[in-house]
Amino acid sequence: MDILSQRLYERREMPVDEPLKIIRGVTKAGEKKIPSHFHSVLELVWFRNGAGGTIVVDGTRYRYKPREAILIRPYAMQSYELASAMQRHILFFLDTSSFLSLFAGSLLEEKVRSFMDRFCALPVVKNTITRAMIDRLSRVTVKNTAAVVSAVLSLEEACASAHNAPKEGFRFARALDYLEKNYHRKIGLGDAAGSIGMSTFYFSREFKRVTGEGFVEFLNRIRLNKAEGLLRYSRSSVTEIARATGFSSLSYFNNAFKRYHRMAPNQFRQALSRNS
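Residues numbered from 1 in each chain as written. Predicted model: local features only at pLDDT ≥ 70, side-chain atom pairs only at ≥ 80, totals over all residues. Heavy atoms only, no water.

In this section: the packing of helix α8 (residues 215–233) against helix α11 (residues 265–275). Across the interface, α8 lies against α11 with an axial gap of 9 Å and an inter-helix angle of 45°. When the axes of α8 and α11 are compared, the pair comes out oblique. The two elements α8 and α11 cross, and the hand of that crossing is right-handed. Of α11, the residues touching α8 (which contributes E228, L230, L231 and R232) are P265, F268, R269 and L272. Taken together, the residues that form the contact of α8 with α11 break down as five nonpolar, no polar and three charged. (Axes fitted to C-alpha atoms, helices over the stretch in contact; angles between N-to-C directions. Helix = DSSP H or I, 4+ residues; strand = E, 2+ residues; numbered from the N terminus. Parallel < 35°, antiparallel > 145°, perpendicular 65-115°, else oblique. Left-handed = near helix turned anticlockwise from the far one by under 90°. Contact = heavy atoms within 4.5 Å. Nonpolar A, V, L, I, M, F, W, Y, C, P; charged D, E, K, R; others polar.)

Here's what the structure looks like:
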C-alpha cells in the first residue's frame, strides 16, 4: 500500500444538525484485511452476508458473524481480518458530541448523556443490538433531526442488560474529544483529565489501558493527522503548520512526522505533488 494512503485517522465530517451518517457498501473483491484506523465518532456496523471474520479493537480480537452488530466507541483503534470478500454491510456513524448538543440545557440532557454512556459500554460483538433495531435505524432520513433523535433514543432498549457495564470507554471518549478540539493549544495530561472531572493520577493510569497508547503519543497522532491535512490542502509553510497544530518546535514536529510517515513533512508534500 502507498504510504500516502496509510491514514490512521479517518475523518468523518458531519454537520452539527445531522449527527447521523449511514453508508451502505461492500468490501472489495480480494480484500482480506482492513488496516488499523480510528474515527472521532461512534460506529455501528452490520454485515449482511459473507463468512464473517475478526475485528481487532484497541488490541483485543473479536470474532464476528454476518447479521451480528459490531459497536465501536469513538476513537477506538480498529482493524479487520475478513474471512471472505465482497461482504455487504451497512455503517452507521453517530457524532456523539453533536447528538448530545441537541439536548444542551434541556431537562433531558443528563438522561441522554447517561443513555449514551451505557450504550457505548455495550460489548463490541455479541451485544443486545438486534436486527430490528438496525432495520429501524437504517430507514431514518438523516436530514430529519427529529427522526434521527427518535431512532437513536430507541436504541436504549439494547442497554437493558448493560446497566452494570463499565462506562470508562465513553468517559474517555469525551476526553479524547477534548483533545480533538484543543490539539492546537498547549495542553497536558492534567487538562485532559480535568475535562472529564478525573484525577490526573487515575487518568494517567487508565489512559493507555483504554486507548492502547500513551497520552503524548495519542495527542501527537491527532496533531500529525491535522498536519497531514494542511500539507495536502493548504499552502502554509511547514513552520506555520507545526505552530498551527500545537507542536512546541519545528524540530519536534519534523521528528514526530518522520516517525509517523517515514518521511519529512517537505518530502511528504513533494510526494503529493509528484502523484497529483
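From this point, the narrative continues.
Turning next to the sheet that holds strand β2 (residues 33–37). What the four strands build is an open sheet, ordered β2-β7-β4-β5; its pairing is antiparallel. Two strands bound the open sheet, and with one partner strand each, they are β2 and β5 (60–64). Each neighbouring strand pair of the sheet contributes to a mean axis angle of 15°, computed without reference to strand direction. Inspection of the sheet shows strand β4 (residues 53–57) paired to β5 by five bridges, in the antiparallel sense. When the sheet's bridge partners are listed, I55 is paired in β5 with Y62. (Pairing = 2+ DSSP bridges.)

Our focus in this paragraph is the side chain of R223. Mapped onto the secondary structure, R223 falls in helix α8. There is no salt bridge for the buried R223, and the closest opposite charge comes from D191, which lies 8.5 Å off by N-O distance. Excluding anything up to four places from it in sequence, R223 contacts Y183, R185, I187, T245, G246 and F247. (Buried < 20%, exposed > 50% of the residue type's maximum accessible area, 1.4 Å probe, protein only. Lys, Arg positive; Asp, Glu negative; His and termini not counted. Salt bridge = Lys/Arg side-chain N within 4 Å of Asp/Glu carboxyl O.)

Let's shift gears to the sheet that holds strand β8 (residues 88–94). Through backbone hydrogen bonds, the strands of a sheet pair up, either in parallel or in antiparallel fashion. An order of β1-β8-β3-β6 is seen for the four strands of this open sheet, with the pairing classed as antiparallel. On the outer flanks of this sheet lie β1 (20–26) and β6 (69–72), each paired with one strand and no other. Each strand axis lies, on average, 15° off the axis of its neighbour in the sheet, ignoring direction. As paired elements, strand β3 (residues 42–47) and β8 share six bridges and run antiparallel to each other. By the bridge assignment, E43 is partnered in β8 with F93.

Attention now goes to the pattern of salt bridges. Taken as a whole and judged by the stated rule, the model has 10 salt bridges. For D135, the salt bridge goes to R131, with nearest N and O atoms at 3.9 Å. You can see D135 and its partner R131 sitting in helix α3 (residues 131–138), four residues apart, about one turn around the helix. Residue classification places R131 among the partly exposed positions, given a relative accessible area of 47%. With a shortest N-O distance of 3.6 Å, R205 and E206 are connected by a salt bridge.

The next subject is the nonpolar core. Within the largest apolar cluster, 31 residues are counted, with the highest numbers of intra-cluster contacts made by L20, L44, F92, F99, F119, I129 and L137. Residue assignment for this core shows that the elements contributing at least two residues are β1, β3, β6, β8, α1 (96–101), α2 (109–120), α3 and α4 (145–153). Take this core: its biggest share by element is five residues, from α2. Judged by nonpolar contacts, the second largest core, of 19 residues, contains Y75, I196, F203 and F207. (Core = buried A, V, L, I, M, F, W, Y, C linked by side-chain atoms within 4.5 Å.)

Moving on to the packing of aromatic side chains. One pass over the full model with this rule turns up 14 aromatic pairs. Plain terms: the ring middles of F47 and Y64 are 4.8 Å apart, the flat faces sit at 20° to each other, and that makes the pair stacked. Of this pair, F47 sits in strand β3 while Y64 sits in strand β5, and the two are 17 residues apart along the sequence. Here F47 and Y64 have matching classes, each one buried. Between the aromatic rings of F247 and F253, the centroid separation amounts to 5.1 Å while the plane-to-plane angle is 50°, which identifies the pairing as tilted. Each member of the pair F247 and F253 is classed as buried. Taken together, the aromatic side chains of F38, F203, F207, F215 and F218 make up a single cluster linked through ring pairs. (Phe/Tyr/Trp six-rings, centres within 6.5 Å; stacked < 30°, edge-to-face > 60°.)

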